[in-house]
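Now for the letters of each chain:
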Amino acid sequence: MNAVPDDRGYFGDFGGAYLPPHLEEEMAKVAAMYNTLKNDPEFLAEITEIQKHYQGRPTPVTFLRGLTARQGGAQIYVKREDLNHSGAHKLNHCAGEVLLAKRLGKTKVIAETGAGQHGVALATAAAYLGLDCEIHMGAIDIEKEHPNVIRMQLLGAKVVPVTIGQQTLKEAVDSAFETYAQEFDTALYCIGSVVGPHPFPMMVRDFQAVVGTEARQQIQDHIGRLPDAVVACVGGGSNAMGLFSGFLADEQVKLYGVEPGGRGTKLGEHAATITYGSPGIIHGFNTLLLTDEDGEIAPVYCVASGLDYPGVGPEHAYLHSINRVTYEVANDQEALDAFYTLSKSDGIIPALESAHAIAYAMRLAPTMSADQVILVNLSGRGDKDIDFVVNTYGLGNE
Ligand SMILES: *Cc1c(COP(=O)(O)O)cnc(C)c1O
């Protein structure tokens, strides 16, 4: 069904698997098992069953009456991943990864987490499906993201504090990967987005494709045709790949990925990888990267911690290279404005990540006509961001 990746995991020039030799064989086994399972009716039925009766899918598509009236121009609809169990799209791929781990005969899943969103989603899926879960997290992040640490522990996960280096996400990745390299006989490493070595970018995309499949039908039920534009925020790129995959073959549908512009255009002030990056290798795959003049991975920043990744999924780098998707930037201020505006205009408090996609739709709508339609992925709910936003910026003044 999908033309990419090829069987070595390449999306055009991007992707692949750059692994330590002792893991090559194991990763090939994971890829082979996945290639069998993706055509196995029993496996697919199990995923559909979990989506329907545990996650609460399908999530609806909602017309934003208030925001459309306020902005003028195109009609704005949102795909409601904020209503997916645990409050974001991440559970879509975490449930798939944990189910895959079970089929591989593993008893445990391992991952790192930055702000804790991936850790919570994976701990949720592991609890439901009965596997052990170990989450590596920088000691600084553990301090900052206390509620998510408590959530993971309540869900039965073991949270491992990482105290080397800067004690944040990068060190957590190293630490989780080290553990996996020792325990791959009994454990599967579960990546949090459409990134990492083959087969992860393909698998995570396929597990997220339910978002696009549902939305393509639902928007047609609303308006009797396909939308003119589809918009999603891009961190690693999983929620965007999920929604885009429903529309990639429809050439008349314009696709927009929105990268975080942070607080400025200088290196270190944003995480807009496609807009400002260049090719290189990170975390086992080839993609566009933000690097400094010495070629070292640059620090990144965004008000939404789920978007601050210095690389991007290889399929996004590819879709950019063939001009199928347009990548735009929304900065912190625009995302915060969208956060406050959508809360009051339509009664939906969006995650700060999703607010970047809403912000771009708010800019795009007035440039289009009233009979045109924009569909935005509302990747998650904003409950996790409320304390931070209100304590830092207040209640908003609209
Ligand atoms: C993690 C997260 C993102 C960013 O991840 P992608 O892989 O780019 O989708 C976006 N929105 C929410 C709500 C998230 O939790």
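Residues numbered from 1 in each chain as written. Predicted model: local features only at pLDDT ≥ 70, side-chain atom pairs only at ≥ 80, totals over all residues. Heavy atoms only, no water.

A.B. asks: Provide a residue-level description of the site of the ligand, including the pertinent values.
C.D. replies: Near the ligand there are 16 residues, and of these Lys90, Ser193, Gly237, Ser238 and Ser379 occur at the shortest range. Take Gly237: an N or O atom from its main chain is 2.8 Å from an oxygen atom of the ligand. In isolation the ligand exposes 390 Å². Once the protein is present, 97% of that is buried. Looking at the shell around the ligand residue by residue, the class counts come to four nonpolar, 10 polar and two charged. (Near = heavy atom within 4 Å. Polar contact = N/O pair within 3.5 Å; in protein donor to acceptor, adjacent residues only side chain to side chain. Areas by Shrake-Rupley, 256 points an atom, 1.4 Å probe, with all protein chains shown as cover. Nonpolar A, V, L, I, M, F, W, Y, C, P; charged D, E, K, R; others polar.)

A.B. asks: Before we move on, can you summarise unusual backbone geometry with the specific residues and values?
C.D. replies: Here the amide bond leading from Val4 into Pro5 is cis, since omega sits at 0 degrees, within 30 degrees of zero. Checked against the element boundaries, Pro5 lands in the segment before strand S1 (10–11). Cis rather than trans, the peptide bond between Arg57 and Pro58 has omega equal to 0 degrees. Looking at the secondary structure, you find Pro58 in the loop between helix H2 (41–55) and strand S3 (61–63). Backbone geometry places Ser86, a non-glycine residue, at a positive phi of 75 degrees. (Helix = DSSP H or I, 4+ residues; strand = E, 2+ residues; numbered from the N terminus.)

A.B. asks: Got a sec to walk through the pattern of salt bridges? Specific residues and values, please.
C.D. replies: On inspection of all chains with the given rule, the structure shows 21 salt bridges. As a salt-bridge pair, Lys29 and Glu26 come within 3.9 Å of each other at their nearest N and O atoms. You can see Lys29 and its partner Glu26 sitting in helix H1 (residues 21–37), three residues apart, about one turn around the helix. Classification of Glu26 by relative accessible area gives buried; the value is 4%. Of the charged contacts in the structure, one is a salt bridge between Arg363 and Glu334, with a shortest N-O distance of 3.1 Å. Of this pair, Arg363 sits in helix H14 (residues 352–364) while Glu334 sits in helix H13 (residues 332–346), placing them 29 residues apart in sequence. Residue class for Arg363 comes out partly exposed when judged on its relative accessible area of 36%. Residue Glu334 is classed as partly exposed on the basis of its relative accessible area, which comes to 26%. (Salt bridge = Lys/Arg side-chain N within 4 Å of Asp/Glu carboxyl O. Buried < 20%, exposed > 50% of the residue type's maximum accessible area, 1.4 Å probe, protein only.)

A.B. asks: Talk me through H2; I want residue IDs and the actual numbers.
C.D. replies: A rise of 1.5 Å per residue sets the reference length of H2, with its 15 residues, at 21 Å; its end C-alpha atoms lie 20 Å apart and thus fit the reference within 8%. Along H2, the residues that are buried comprise Phe43, Ile47, Ile50, Gln51 and Gln55. In a view along the axis of H2, the buried residues occupy a sector of 95 degrees, so they form one face of it. Seen from the buried face of H2, the exposed residues on the opposite side, beyond 90 degrees, are Pro41, Glu42, Lys52 and His53. Buried residues belonging to H2 abut H1, helix H4 (90–103), helix H5 (117–129) and helix H9 (200–223). Its side-chain oxygen 2.9 Å from the backbone nitrogen of Glu42, Asp40 forms the N-cap of H2. (Expected span 1.5 Å × (residues − 1). Arc of directions from axis to C-beta. Contact = heavy atoms within 4.5 Å.)

A.B. asks: An account of the sheet that holds strand S13 (residues 325–331) is needed here, citing residue identities and associated values.
C.D. replies: The strand order across the open sheet formed by six strands is S3-S4-S14-S9-S10-S13, and the pairing between neighbours is mixed. Looking at strand neighbours, the two that pair on one side only are S3 and S13, the edges of this open sheet. The average undirected angle you get between the axes of adjacent strands in this sheet is 25 degrees. With three bridges connecting them, S3 and strand S4 (residues 75–80) associate as antiparallel partners. For Thr62, the partnering residue across the bridge sits in S4 and is Val78. The strands touched by H13 are S3, strand S10 (254–262), S13 and strand S14 (373–378); relative to S13, the strand with the most contacts, the crossing angle is about 90 degrees. (Pairing = 2+ DSSP bridges. Axes fitted to C-alpha atoms, helices over the stretch in contact; angles between N-to-C directions.)

A.B. asks: How would you summarise the state of the cysteines if you had to cite specific residues and measurements?
C.D. replies: Under the defined criterion, the tally for this structure stands at zero disulfides. Cysteine Cys190 remains unbridged, with the sulfur of Cys94 as its closest cysteine sulfur at 7.0 Å. (Disulfide = S-S within 2.5 Å.)

A.B. asks: Before we move on, could you go through the environment of Ala31 and cite the residues and values that matter?
C.D. replies: Relative to the helices and strands, Ala31 resides in helix H1. For the pair Ala31 and Asp7, spaced 24 residues apart in the sequence, the C-alpha separation amounts to 9.4 Å. Aside from chain neighbours lying at most four places away, what touches Ala31 is His198 and Pro199.

A.B. asks: Account for the sheet that holds strand S5 (residues 108–113), with residues named and values stated.
C.D. replies: Across the sheet, four strands lie side by side as S7-S6-S5-S8; this open sheet has parallel pairing. Edge positions in the open sheet fall to strand S7 (158–162) and strand S8 (187–189), since each of these has one partner strand only. Each strand of the sheet is rotated relative to its neighbour by a mean of 25 degrees, with strand direction disregarded. Here five bridges tie strand S6 (residues 132–138) to S7, and the two strands are oriented parallel to one another. Within the sheet, the bridge partner assigned to Glu134 lies in S7 and is Lys158.

A.B. asks: Before we move on, can you summarise the nonpolar core with the specific residues and values?
C.D. replies: Counting 53 residues, the largest nonpolar core has Val109, Leu122, Cys133, Met152 and Tyr180 as its most contacted members. Counting residues in hydrophobic clusters, the runner-up holds 38 residues, among them Leu64, Ile76, Val258 and Leu352. (Core = buried A, V, L, I, M, F, W, Y, C linked by side-chain atoms within 4.5 Å.)

A.B. asks: Outline the packing of H13 against H14, supporting the account with residue identities and numerical values.
C.D. replies: It is the contact of H13 with H14, at a shortest axis distance of 7 Å, that shows an interaxial angle of 90 degrees. Classified by the angle their axes make, H13 and H14 are roughly perpendicular. Contact residues: Glu334, Ala335, Leu336, Ala338, Phe339, Thr341 and Leu342 in H13; Leu352, Ala355, His356, Ile358, Ala359, Met362 and Arg363 in H14. Per-class residue counts for the contact of H13 with H14 are 10 nonpolar, two polar and two charged. (Parallel < 35°, antiparallel > 145°, perpendicular 65-115°, else oblique.)

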